[in-house]
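# Survey of secondary and tertiary structure
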Amino acid sequence: MSELNEGQRAFSTFRALNEDVHSGEREQLFRNMAQLFAYVSDRCDDEQVAQYDEVLCQLAELVEVEARAHVAKLLAPLARAPGTVVVKLANDDIEVAKPLLEFSNVLSDDDLIEIIANHGEEHRTAIASRRHVSERVGEAIAEHGGTGSVIQLVRNPNAELGQAALDRLVERASKDPQIADDLRGRAEIDWKSLRGEIDSVAGRVLESLGQAHSPIDPVAADKVNAVVYTRLRNRAGFNANEWKVAYNQVKALSDRKQLNDRALARFARFGYGHHAAAALSVMLKIAPEVLVKWLAMQDYAAISVALKTLGINADLFSGVIATLPWRDLPSEADKKNILTRYNALTHEEARGIFDLWRNHAFRKRNAGESHLSVIA
């Protein structure tokens, strides 16, 4: 019997459970279901993932912490995992949540920020040790974290420390020598940058840090005025690794029924271009490679039709267009022309064009035809 057929049998077994079933049997089923999903996760369609998600969430309510911790370890390394149960377990006791907080790419920045704000120091320290910590997540740790999680953040070479996080960190450094020492070791902090990048209180703290650490900053103390984070974000260009992570996070958001215009607006607001592109793919139910092709070809017409089909308003449209990971950044003239054409296109026209393309692409899929006709 195939693994997927085994999965169908497992679902039937779950439906047969009732309050009289022994807790040990529930725990074994919980473990087996998670193990089975780990084996077949790369072959499950959205409906199958939704079934696993529902079953695992219900079982998680019925089993002890040891079983939940076991399942969390199974789900943590998966690129595609049921979104609802992952978030549920990531908000669990730390022995359950830790592997997910440290390793799961299914958890979005918004998920992590919410956990940072609502859970304890152990949860924050686990998040601070992730292989990649974004600016927004780092800022949340700097705001809510205790000494342990903040030190872990500063020591993590893959944690992005944006200006808002640095403002808070340098103030805390005036009261905590360990944070001060670790801050000095961050190679991307420029101790000779221009005044005014941070507030006056933080600036005075940095001056004192500079005085105490001349090997890193040989410049006289009265010239050490501020900190600037020197990492330059390349806003243009498609990155396959970022796309894979973003797509799976968006799919997890869809699992939780939270993929909508508000989610798309958040992606645009915070510059999450790959997430915005992935959201369009999932919301429109088109193959990811089609969306990627539009971006690579700078196909503004195709994206415009797709967004109008979703009923996106002009402001959100402009934000998404500016955020998507195009091959080259649209010029200001491009943005103006795209918006003019978008406003001239009606929802009915866009729906008609999109349906014609979808039918054509379906007929031609074996021939590799997948490009959306441009707007006249």
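For the structure, check the block above.
The structure reproduced in this document is the subject of the present report. (Residues numbered from 1 in each chain as written. Predicted model: local features only at pLDDT ≥ 70, side-chain atom pairs only at ≥ 80, totals over all residues. Heavy atoms only, no water.)

## Focus on the nonpolar core
L75, L100 and L101 are the most contacted members of the largest nonpolar core, which has 63 residues in total. Setting aside its immediate chain neighbours within four residues, L75 contacts F37, A81, V85, V86, L89 and L100. Residues V282, L316, I338 and Y342 belong to the second largest nonpolar core, which totals 42 residues. (Core = buried A, V, L, I, M, F, W, Y, C linked by side-chain atoms within 4.5 Å. Buried < 20%, exposed > 50% of the residue type's maximum accessible area, 1.4 Å probe, protein only. Contact = heavy atoms within 4.5 Å.)

## What about the environment of S149?
Relative to the helices and strands, S149 is located in helix 10 (residues 147-155). Residue class for S149 comes out buried when judged on its relative accessible area of 0%. The spatial distance from the C-alpha of S149 to the C-alpha of A128 is 6.2 Å, given a sequence separation of 21 residues. Ignoring sequence-local partners within four residues, the contact set of S149 consists of E121, R124, T125, A128 and I141. (Helix = DSSP H or I, 4+ residues; strand = E, 2+ residues; numbered from the N terminus.)

## Notes on the environment of L316
With respect to the helices and strands, L316 occurs in helix 19 (residues 314-323). Residue classification places L316 among the buried positions, given a relative accessible area of 12%. When near neighbours in sequence (up to four residues on either side) are disregarded, L316 contacts D261, L264, A265 and A268.

## Structural notes on the pattern of salt bridges
Between side chains of opposite charge, a pair can form when the charged atoms approach closely. Evaluation of the coordinates by the stated rule reveals 18 salt bridges. A salt bridge links D92 to R68; its shortest N-O distance comes to 2.5 Å. Here R68 lies in helix 4 (residues 65-75) and D92 lies in the loop between helix 5 (83-90) and helix 6 (94-103), a separation of 24 residues in the sequence. Comparing D92 with R68 shows no difference in burial state: the two are buried. Salt-bridge contacts for D93 lead to R68; the nearest nitrogen and oxygen are separated by 4.0 Å. Of this pair, D93 sits in the loop between helix 5 and helix 6 while R68 sits in helix 4, and the two are 25 residues apart along the sequence. Overall, R68 belongs to the buried group, its relative accessible area being 13%. Put simply, D46, R80, K251 and D255 are held in one network by salt bridges that share partners. (Salt bridge = Lys/Arg side-chain N within 4 Å of Asp/Glu carboxyl O.)

Coordinates in, geometry out; function isn't part of it.
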